[in-house]
Amino acid sequence: MVVLGDGSSGAQGGVLVCPVCGKTAQGRNRRQNMDNHILTHTGERPFQCGVCSYRASQLGNLKRHERAVHKNVLKDNNTSSSLNTVHYMDVNSHGSS
């Protein structure tokens, strides 16, 4: 990623630019937004549906899939959380999970 700007304006400083397509991300969540955008180029889909073979690049997309496609299964299990959601953790994170 390319960072434009001098960063002198604190958390709002700088703009991230996608090295593949040139899309920009700015503002408070620019790093997270760019990380999510990069998944469109890599094809990575780390979130797996617990009922079928559907995979999603973002957790929100998986939850939407589960509500739309597996609403009867969710209703039968009396749960509103993801069904056996499998996802990958960032092994470089230093916080505890």
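Keep in mind that this is a model prediction, so the values were computed, not measured. (Residues numbered from 1 in each chain as written. Predicted model: local features only at pLDDT ≥ 70, side-chain atom pairs only at ≥ 80, totals over all residues. Heavy atoms only, no water.)

Within the protein chain, the regular secondary structure consists of three helices and five strands. Buried positions account for 25% of the 97 residues belonging to the protein chain. A separation threshold of at least 6 residues defines the contact pool for the protein chain, and within that pool the share at least 24 residues apart is 16%. (Helix = DSSP H or I, 4+ residues; strand = E, 2+ residues; numbered from the N terminus. Buried < 20%, exposed > 50% of the residue type's maximum accessible area, 1.4 Å probe, protein only. Contact = heavy atoms within 4.5 Å.)

Annotation from UniProt places "domain: C2H2-type" (unreviewed entry) at residues 16-46 and 47-70. Across residues 16-46, the secondary structure splits into 42% helix and 16% strand, with the terminal C-alpha atoms separated by 23 Å. Helix and strand shares over residues 47-70 are 46% and 17% respectively, and the end C-alpha atoms of the span are 16 Å apart. (UniProt positions renumbered as here; feature names shortened; annotations may be inferred.)

What follows concerns the side chain of His65. Positionally, His65 belongs in helix α2 (residues 59-69). Judged by relative accessible area, His65 falls into the buried class, the value being 11%.

Moving on, we come to the confidence of the model for the protein chain. Overall, the predicted model of the protein chain reaches an average pLDDT of 77, with 63% of residues at or above 70. Counting interchain partners and residues more than four positions distant, the pLDDT-below-50 stretch residues 6-11 has four contacts. Low pLDDT, under 50, characterises residues 85-97; the predicted model gives this stretch 13 contacts beyond four residues in sequence or across chains. (pLDDT = per-residue confidence, 0-100.)

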